[in-house]
Amino acid sequence: MQDRISSENDDELGLGDNLLLQIQNLANGNQVSKNDVKKISSQIFPFNTKIFVYWQFYGSYATQTLKGDASVDIHFGDNKIDFEEYTQSLLDLAQNDEQSRQDFVENLKATKANEAIKFSGSTKNLGDYEKFSFSYYCGSCSGRGLVRCNNCGGRGNVGCSSCGGSGRSNCFACGGTGSVLSYRQVYQNGEYVSQSYYATCYSCGGSGLQTCGSCYGSGSLRCNSCRGSGEVTCQKCSGYGIFTDVRTVSIMAKSSANIKTSSKKYANEFDEFAQSAGMELLSEKIPFELVEFNNYSSDIELCVYEGNSHFSELQYQILDKTYLGVGFANPPYAFIKSKFFDDLFADEIECLEKIGLDGKITKREAYSFFNKYASQSVLDKSMKLIASIRRDKNEELGYAVRQSCDDYISDESALRLSAMMKGVLDRISPVYSGLIWGLGGAIFAIFALILTELNLESSFSRTPFSAIFQSAFGVFVLSLVLGLVFYTLSSLSTLLKRRKIPKEYRQKMRNKDPFKKMAICGVFAWIVGGIYGYFASQNPTLRLENRVENFVLEQIEISEKFIKDYEICEKFKTLNCTNEILPVKNSEISPSYEQKVIFIQQTLRQNGYNVAIDGKFGKKTINACTKFLGKSFNSIDEIYDEMLRRNEGK
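A short tour of the structure in this document, coming up. (Residues numbered from 1 in each chain as written. Predicted model: local features only at pLDDT ≥ 70, side-chain atom pairs only at ≥ 80, totals over all residues. Heavy atoms only, no water.)

Here glutamine 601 lies in helix H17 (residues 593-606). For glutamine 601, a relative accessible area of 0% puts it in the buried group. Distance from glutamine 601 to isoleucine 622, taken between C-alpha atoms, is 9.9 Å for residues 21 residues apart in sequence. Beyond its immediate stretch of four places on either side in the chain, glutamine 601 contacts Val611, Ala612, Ile613, Asp614, Gly615, Lys616 and Thr621. Within the local environment of glutamine 601, its side chain forms a polar contact with the backbone oxygen of lysine 616, the two atoms lying 2.9 Å apart. (Helix = DSSP H or I, 4+ residues; strand = E, 2+ residues; numbered from the N terminus. Buried < 20%, exposed > 50% of the residue type's maximum accessible area, 1.4 Å probe, protein only. Contact = heavy atoms within 4.5 Å. Polar contact = N/O pair within 3.5 Å; in protein donor to acceptor, adjacent residues only side chain to side chain.)

Another aspect to go through is the pattern of salt bridges. Within the structure shown, the criterion is met by 15 salt bridges. Where arginine 101 meets glutamate 301, a salt bridge forms, and the shortest distance between an N and an O atom there is 3.7 Å. A residue pair is termed long-range when its members are at least 10 positions apart, and arginine 101 in helix H3 (residues 98-110) and glutamate 301 in strand E15 (residues 300-318) qualify at 200 residues. We classify glutamate 301 as buried; its relative accessible area is 9%. Here glutamate 412 ties to arginine 416 by a salt bridge, and the two come within 3.7 Å at their closest N and O atoms. Of the two residues, glutamate 412 and arginine 416 both sit in helix H12 (residues 411-428), four residues apart, roughly one turn of that helix. (Salt bridge = Lys/Arg side-chain N within 4 Å of Asp/Glu carboxyl O.)

Once that is clear, we can look at the environment of arginine 227. Within the fold, arginine 227 resides in the loop between strand E11 (220-222) and strand E12 (231-233). A residue is classified by how much of its surface remains accessible, and arginine 227, at 63% relative accessible area, is exposed. In the structure, arginine 227 is positioned 70 residues away from asparagine 157 in sequence and 8.5 Å away in space, judged by C-alpha atoms.

The final tally for this structure, using the stated rule, is two cavities of 30 Å³ or more. Taken as a whole, the second largest cavity encloses approximately 30 Å³ of empty space. Forming the walls of the second largest cavity are Phe57, Ala94, Gln95, Asn96, Asp97, Ser100, Arg101, Leu126 and Ile251. For the lining of the second largest cavity, the secondary-structure elements that each account for two or more residues are helix H2 (80-95) and H3. Looking at the lining of the second largest cavity residue by residue, the class counts come to four nonpolar, three polar and two charged. (1 Å grid on protein atoms, 1.4 Å probe; cavity = no way out; pocket = protein on both sides within 12 Å on 5 of 7 lines; lining within 4 Å. Points joined across faces, edges and corners; volume = space filled by probe spheres on them. Nonpolar A, V, L, I, M, F, W, Y, C, P; charged D, E, K, R; others polar.)

With respect to the helices and strands, the residue arginine 390 is situated in the loop between helix H10 (377-389) and helix H11 (398-404). The residues touching arginine 390, leaving out its near neighbours within four places in the chain, are Glu395, Leu397, Lys422, Asp426, Gln507, Lys508 and Arg510.

The subject of this paragraph is the nonpolar core. One finds Tyr316, Phe340 and Phe341 to be the most contacted residues of the largest nonpolar core, which totals 43 residues. Mapped onto this core, the elements with two or more residues apiece are helix H1 (15-27), E15, helix H7 (340-344), helix H9 (363-373), H10, H11 and H12. Counting residues in hydrophobic clusters, the runner-up holds 32 residues, among them Ile51, Ile259, Ala274 and Leu282. (Core = buried A, V, L, I, M, F, W, Y, C linked by side-chain atoms within 4.5 Å.)

For the coordinates displayed, the defined rule picks out zero disulfides. There is no disulfide at cysteine 174, and the cysteine sulfur nearest it, in cysteine 204, is 3.7 Å away. Taking the relative accessible area as the measure of exposure, cysteine 174 reaches 9% and is therefore buried. Cysteine cysteine 212 remains unbridged, with the sulfur of cysteine 215 as its closest cysteine sulfur at 3.7 Å. (Disulfide = S-S within 2.5 Å.)

Counting across every chain of the model gives 38 aromatic pairs. Both rings, one in phenylalanine 83 and one in phenylalanine 134, keep their centres 4.7 Å apart while their planes meet at 40°; by these two values the pair is tilted. In this pair, phenylalanine 83 is assigned in helix H2 and phenylalanine 134 in strand E4 (residues 132-137), connecting sequence segments 51 residues apart. A network of ring pairs unites the aromatic residues Phe45, Phe47, Tyr266, Phe270, Phe273, Phe311, Phe328, Tyr333 and Phe335 as a single cluster. (Phe/Tyr/Trp six-rings, centres within 6.5 Å; stacked < 30°, edge-to-face > 60°.)

Locating aspartate 97 in the fold gives a position in the loop between H2 and H3. Look at aspartate 97: it is buried, it has no salt bridge, and the nearest opposite charge is arginine 101 at 8.1 Å. In this structure the side chain of aspartate 97 is engaged in a polar contact, spanning 2.8 Å, whose partner is the side chain of tyrosine 129. Other than its neighbours up to four places away in sequence, aspartate 97 contacts Tyr129 and Ile251. (Lys, Arg positive; Asp, Glu negative; His and termini not counted.)

Next comes the structure, spelled out in structure tokens:
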């Protein structure tokens, strides 16, 4: 047979017709039918190809580091130099191990050529030498197995958190004030009445302090981490103090392959294709035989395989446009493919890009595209493949379209089509509910902000690190709880939305993406809440807790004010009945105990102290009085008189 067959009739093997049938089946139903794909001419070209497989022999080692003494039979103690020298000697031996090489070569020769070619490009382990080892001390503990305790710094004890290391804590009876509220009976206006006053605390003798009940006055506690020893087990070596490196040297054979083809046409194109596709494909399509086996160098063996087949060239026409296809072997496997799908889908690509110029596609447009083009086999297959493999919103999936089109489409067109298909699928087969996650993110951010602010404003001044940790942990737990709720709601909503879409077009749900965004919003809210909470801890007037409580109390006061003022005015005419309760002045009737307390509480509230106006002289009111007046008083009357004096002096 001549190298080139010059006419269509000379294709006596029918390779061109076979290649034409493959293209017709692929194009059918995608804007054209089988009859629209017409043959113009076909020719075949015989070719000879040789595959050169180089097997290189070398040594390789793997080291396993074990804790403790795990020495093997060949052990070098702690002598690393001898250990490394022995490793190198085995590596050199593996490169020139005649017995291992001979066994491998004989086995390779006995293997059928096409089976042997499949192994080209692979690496094989021909055997391992006996394991050997050496030991060395742990660098963290210097071989002791113990390291200094980080919790106590090696001291064996830590400062008492209850008293701050002073050994003394606030008295439980007086709360650290040194005095307690007491009552006594006094004779007044012909009767005995109960009078309150501040007495020296019986528990602390007026100092406001007592011996700490946790450390019993020592100011420190035994460290729980090291149990008082100052040292803990070394985590790096788990307390063994030494490591053992166990090494294995292996005899390896690595292959590489080159191809050289001889033919009148397409030899270079075929070599480039074969080198990219891999030798396994050639071994499945072309019969080969081993024609040469020799020692290429001291560490390389060369195998040469030879095979013969035909190139089939096909000129064909689709809708008045001419294309070229070239295949090899019988039946032909195409390796030169004209990108005819670029022309067939040109209108679709242009139409879709016009629709999505703003980067979005409406739901109506998405369903229109889906219903119009899903019946086309290639586009249908592409959308199904994208739906099944897509894992990320911005994932590039042009290769899915190329695979569906069997590479009869350019990379650019495949990428543009895949981008539009992703937009269509996101509309007809959403992966999460944006509305639910949007509302959920807003709710989470608000709760995270308030939780953090309230925690820091109340605790930062006393225990800053604990307040920060508690707020962060609280936001973390809140994100998990709300995330689970919104994850469930989003999944149910998404399933409901795409229930009418066939399963093949349903994308994998990606609720993790909006959850990550929600978490970022939570972190931002935590930072903002933390900053505000810090300033609120330094300035009580900024406290959110006070603002909320004041607002509630103000609303209660507004609703009760006129009733209270009316009742008081009926009994004490010296009180202002419009908007405010004022102290009694120059009246024959003295204000009651309750009204004195109300006046005191109003004065405190006007000066920024967070106390309720309820007529009850409780602990919160007592502490606020002490802070406001700068000292303690023995009775309600003294406090009332002092505040009255200060108000009159303004």
